[in-house]
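One letter stands for each residue in the lines below.
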Amino acid sequence: MRKKIVAGNWKMNKSLQEGLELAKGLDKALKGKAVNCDVIIGTPFIHLASVVEAIDTNRIGVAAQNCADKESGAYTGEVSASMVASTGAKYVILGHSERRAYYGETPEILKEKVKLALANGLTPIFCIGEVLEEREANKHFDVVKAQLKASLFELSAEDFAKIVLAYEPVWAIGTGKTATPAQAQEMHAFIRETLIAKYGKEIADDTSILYGGSVNAGNAKELFSNVDVDGGLIGGASLGVDKFLPIVEAF
Ligand code: PEP
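The structure contained in this document is the topic of the report that follows.

What counts as what
- Residues numbered from 1 in each chain as written.
- Predicted model: local features only at pLDDT ≥ 70, side-chain atom pairs only at ≥ 80, totals over all residues.
- Heavy atoms only, no water.
- Buried < 20%, exposed > 50% of the residue type's maximum accessible area, 1.4 Å probe, protein only.
- Helix = DSSP H or I, 4+ residues; strand = E, 2+ residues; numbered from the N terminus.
- Pairing = 2+ DSSP bridges.
- Right-handed = clockwise from strand over helix to strand, strands pointing away.
- Core = buried A, V, L, I, M, F, W, Y, C linked by side-chain atoms within 4.5 Å.
- Contact = heavy atoms within 4.5 Å.
- Near = heavy atom within 4 Å.
- Polar contact = N/O pair within 3.5 Å; in protein donor to acceptor, adjacent residues only side chain to side chain.
- Nonpolar A, V, L, I, M, F, W, Y, C, P; charged D, E, K, R; others polar.
- Expected span 1.5 Å × (residues − 1).
- Arc of directions from axis to C-beta.
- Axes fitted to C-alpha atoms, helices over the stretch in contact; angles between N-to-C directions.
- Parallel < 35°, antiparallel > 145°, perpendicular 65-115°, else oblique.
- Left-handed = near helix turned anticlockwise from the far one by under 90°.

**A short note on the pairing of strand β4 (residues 91–94)**
Here is step 1 of the chain: Where burial is concerned, the two faces of β4 agree: the one with Tyr-91 and Ile-93 and the one with Val-92 and Leu-94 are both buried.
Here is step 2 of the chain: Of the strand pairs in this sheet, strand β3 (residues 60–64) and β4 are connected by 2 bridges, and their pairing is parallel. Counted as the bridge partner of Ala-64 is Val-92 from β4.
Here is step 3 of the chain: Following the backbone out of β3, through helix α3 (residues 81–86) and into the adjacent parallel β4, one traces a crossover that is right-handed.
Here is step 4 of the chain: Sheet topology places β4 next to strand β5 (residues 123–128); 4 bridges connect them, and they run parallel. Across the sheet, residue Tyr-91 finds its bridge partner in β5, namely Thr-123.

See below:
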């Protein structure tokens, strides 16, 4: 059975002290609560080790938002997958549209990052999604399929089974414009069909496909009620317990 997941992406927000306060606040709010999904928070690199120490990681998984495409060495300013794993974080968000657009992350670079993440025991939360012009030109299915193919489809079935996908239409990220539940379901079903063709029904059925793009307490329930939407990757609304908790509880 595939997992239901609600994952926060804090992006470049929160000082270490603010991040710890948020993580501890969420941990406290979830304590003793029966929730129907896995909860993950994606923090800046420098928060990882402290956040892992401060919370119950059985209750909340911790994710980095990136890792290097090289194992180690003279790559000033980079953070490797093994360094991320050494903090106790278990996940890494890869391929976010902001990394692709602002930091030139190509499908080839992302392929290396995925390989290193897996080699170091991290679960990649791999983001895919089209920009507005691509949707308007009716190319969104082709774009998403090409992104999957270019960065993930050389993985063995065994390795692919460890990936979590996040469909994030770029036009819906941080814009307040959400894909309609029907648009989300349509794309998620397409992704699952694509996975069936490549890896077979069992692996496709077990792959969690999250939706991301302006998810909030008001729209989460309807989005998550779709059969192929297995949760959410949440940016802005993950920055406060009051906003994030209702999304977790939407399952
Ligand atoms: C994201 O950063 O992955 C995201 C979906 O952001 P937001 O929820 O703010 O649109």
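**A look at the nonpolar core**
The nonpolar side chains of a soluble globular protein tend to be buried with one another.
Here is step 1 of the chain: Grouped together as the largest cluster of nonpolar side chains are 65 residues, with contacts concentrated most on Leu-152, Phe-160, Leu-165, Ile-191 and Phe-224.
Here is step 2 of the chain: Dropping the residues within four chain positions of it, Leu-152 is found in contact with Val-114, Phe-126, Phe-160, Ile-163, Leu-165 and Tyr-199.
Here is step 3 of the chain: Listed in part, the 12 residues of the second largest apolar core include Ile-5, Ala-63, Val-164 and Ala-166.

**Here's the deal with the site of the ligand**
Here is step 1 of the chain: Within the structure, the ligand sits among 14 residues, and Lys-11, Glu-168, Gly-174, Ser-214 and Gly-235 are positioned closest to it.
Here is step 2 of the chain: Within the backbone of Gly-174, an N or O atom sits 2.6 Å from an oxygen atom of the ligand.
Here is step 3 of the chain: Within the backbone of Ser-214, one N or O atom sits 2.8 Å away from an oxygen atom of the ligand.
Here is step 4 of the chain: Taken together, the residues that form the shell around the ligand break down as 4 nonpolar, 8 polar and 2 charged.

**Considering helix α1 (residues 16–30)**
Here is step 1 of the chain: Across its 15 residues, α1 extends 21 Å between first and last C-alpha, which sits within 8% of the 21 Å expected from 1.5 Å per residue.
Here is step 2 of the chain: Burial in α1 covers these residues: Gly-19, Leu-20, Leu-22, Ala-23, Leu-26, Asp-27 and Leu-30. For α1, the arc enclosing every buried residue in end-on projection is 165°, short of the 170-degree limit, so these residues lie on one face. Exposed positions of α1 whose direction lies more than 90 degrees from the buried face are Gln-17, Glu-21 and Lys-28.
Here is step 3 of the chain: Looking at the buried side of α1, the elements it contacts are β2 (38–42), α2 (48–54), β3 and α12 (241–248).
Here is step 4 of the chain: Gly-32 occupies a position one or two residues after α1 and carries a positive phi of about 80°.

**A word on helix α5 (residues 107–119)**
Here is step 1 of the chain: With 13 residues, α5 ought to run about 18 Å at 1.5 Å a step, and its terminal C-alpha atoms sit 18 Å apart, in line with that.
Here is step 2 of the chain: Structurally, α5 contributes buried residues whose contacts are with α3, β4, α4 (97–102), β5, α7 (140–151) and α8 (157–160).
Here is step 3 of the chain: Positive phi shows up at Gly-121, right after α5, with a value of about 80°.

**Digging into the sheet that holds β2**
Here is step 1 of the chain: Read around the barrel, 8 strands follow the order β1-β2-β3-β4-β5-β6-β7-β8 and close on themselves; strand pairing throughout is parallel. For this sheet, the mean angle separating the axes of adjacent strands, direction not counted, is 25°.
Here is step 2 of the chain: As paired elements, strand β1 (residues 5–9) and β2 share 5 bridges and run parallel to each other. Paired with Ala-7 across the strands is Ile-40, a residue of β2.
Here is step 3 of the chain: Each of β5 and β6 (164–167) is contacted by α7, which is oriented at about 145° to β5, the strand it contacts most.
Here is step 4 of the chain: Sheet strands touched by α12: β1, β2 and β8 (231–234). Its angle to β1, the strand with the most contacts, is close to 160°.

**A short note on the pairing of β5**
Here is step 1 of the chain: Within β5, 5 of the 6 residues are buried, leaving the element largely enclosed by the surrounding structure.
Here is step 2 of the chain: Of the strand pairs in this sheet, β5 and β6 are connected by 4 bridges, and their pairing is parallel. Of the residues in β6, the one forming a bridge with Phe-126 is Leu-165.

**Topic: the environment of Gly-232**
Here is step 1 of the chain: Considering the arrangement of structural elements, one finds Gly-232 in strand β8.
Here is step 2 of the chain: Judged by its relative accessible area of 0%, Gly-232 falls in the buried class.
Here is step 3 of the chain: When the C-alpha atoms of Gly-232 and Ser-214 are compared, they prove to be 9.9 Å apart, with 18 residues separating the residues in sequence.
Here is step 4 of the chain: Residues within four places of Gly-232 in sequence aside, it is in contact with Ile-5, Val-6, Ala-7, Leu-210, Tyr-211 and Phe-224.

**A short note on the packing of α1 against α12**
Here is step 1 of the chain: Contact pair α1 / α12: the axes reach a minimum separation of 10 Å and the direction vectors enclose 40°. When the interaxial angle is binned, α1 and α12 end up oblique. Between α1 and α12 lies a crossing of right-handed hand. Taken together, the residues of α12 that come into contact with α1 (itself represented by Leu-22, Gly-25, Leu-26, Ala-29 and Leu-30) are Val-241, Phe-244, Leu-245 and Val-248.
Here is step 2 of the chain: Counted by class, the contact of α1 with α12 contains 8 nonpolar, 1 polar and no charged residues.

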